[in-house]
Amino acid sequence: MLAHMESTTSPTSPRGPLEPPPVVRVDYHFHTAFSYDSEVTPEAALERAQEANIDVLCVTDHDTIDGAVKMKGMPCPNVRIVVGCEFTAEDGSHIIGLDLRDLFDTRSVLGILENIKLQGGLVLLPHLFRRGTGIFRNEMRRSDEFVHQVLSRADLVECHNGRDNWENNERSRRLAVSLGIPAVAGSDAHSTATLGSVFVEYAQGELRHGLSPRRIFFPTQAPKAENPAKRRMMELYHRHRKTLPPVVDAAYRTLKGWLKPDSGHAAAPRAQYELGFFGEGASARHRER
Ligand SMILES: [Zn+2]
């Protein structure tokens, strides 16, 4: 889409008053088949991203960057791939790193945050309050010290996740606003149908993740809440699958086949937030990209 917009906007023929300004659309959270819970191939993902007019796609598979690296190497001039990963910490919390070069072994929450930063990546805290995987989920009863340590290392907060419920998303948004942490949003799509159903829009040429004037788009209906037991089962299987006997492997696949697939969003995304509230304070903690 970027190439298309550039080719239609030449210096000798300025845009007419009715033509919308060129924008860059970023979906910050997406899973390919390299995640244990998605079956979207890199090829299908790139095709869908173009259909959905997504210019930048952050590929954030669970505990691997293989799918993201593969997609980055595929020829697709209209979609830029950001190599990311959604890490699973030892307590089950999910933490996203963006612009990653390598994986690492540590699974403590603070260790993951530090390792993302050590390689020059950005820390994105996804679905902060989601049951089972949100880093600040109610059942964890985090100490003030822990909350401070995590937030002081966060570059971005996911203020809208396409698979979380409205209440949790709203809590995340308020937290980001009240603390001045740059907010972004992602579909968290595990299917082609939902890729690009949530995105952040920037003016072209002004893309600084979570900063710069922008709007956030997402469908109006509330997505279904995720079942934490199902998530835990998938994580455990994935972690131990190399050592499991074939009968367990077969049982898991049968059980997964019975589970209801995630439903796609019927409604098209539309502007929901106008976010122009991050000023000097936010800029100071966030380097330009
Ligand atoms: Zn995810």
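Described in the following lines is the structure provided in the data block. (Residues numbered from 1 in each chain as written. Predicted model: local features only at pLDDT ≥ 70, side-chain atom pairs only at ≥ 80, totals over all residues.)

## A few points about the sheet that holds strand S7 (residues 183-186)
One open sheet holds the 10 strands; their spatial order is S7-S6-S5-S4-S3-S2-S1-S8-S9-S10, and the pairing between them is mixed. Of all strands in the sheet, those with a lone pairing partner are S7 and strand S10 (270-275), marking the two edges. The sheet shows a mean angle of 30 degrees between the axes of neighbouring strands, direction not considered. Relative to S7, strand S6 (residues 156-161) runs parallel, the two being bridged by four bridges. Bridged to Val157 within S7 is Ala183. In the packing of helix H4 (residues 109-118) onto the sheet, contacts are made with strand S3 (80-88), strand S4 (94-98) and strand S5 (122-125), and the angle to S4 comes to roughly 5 degrees. (Pairing = 2+ DSSP bridges. Helix = DSSP H or I, 4+ residues; strand = E, 2+ residues; numbered from the N terminus. Axes fitted to C-alpha atoms, helices over the stretch in contact; angles between N-to-C directions. Contact = placed C-beta atoms within 7 Å.)

## Thoughts on the nonpolar core
Membership of the largest hydrophobic core comes to 58 residues, with the highest contact counts inside it found for Leu57, Val59, Ile95, Leu124, Val157 and Ala185. Examining the composition of this core, we find that five residues originate from one element, S3, more than from any other. Beyond its immediate stretch of four places on either side in the chain, Val59 contacts Phe30, Thr32, Gly67, Ala68, Met71, Ile81, Val82, Val83 and Gly84. (Core = buried A, V, L, I, M, F, W, Y, C linked by C-beta atoms within 7 Å. Buried ≥ 20, exposed ≤ 12 C-beta atoms within 10 Å, placed from the backbone.)

## Side note on the pairing of strand S1 (residues 23-30)
In terms of residue burial, S1 counts as a mostly covered element, since seven of its eight residues are buried. Sheet topology note: the S1/strand S8 (residues 199-203) ladder contains four bridges and is antiparallel. Residue pairing for S8: Val26 is matched across the bridge by Val200. Looking at chain direction, S1 and strand S2 (residues 56-62) are connected through three bridges and run parallel. Note that in S2 the partner of Phe30 across the bridge is Val59. Between the parallel pair S1 and S2, the chain is carried across by helix H2 (residues 42-51), and the sense of this crossover is right-handed. (Right-handed = clockwise from strand over helix to strand, strands pointing away.)

## Some details on unusual backbone geometry
Its identity as a non-glycine residue notwithstanding, Asn53 has a phi of 60 degrees, on the positive side. For Asp63, which is not glycine, the phi dihedral falls at a positive 55 degrees. Within the secondary structure, Asp63 is located in the loop between S2 and helix H3 (66-72).

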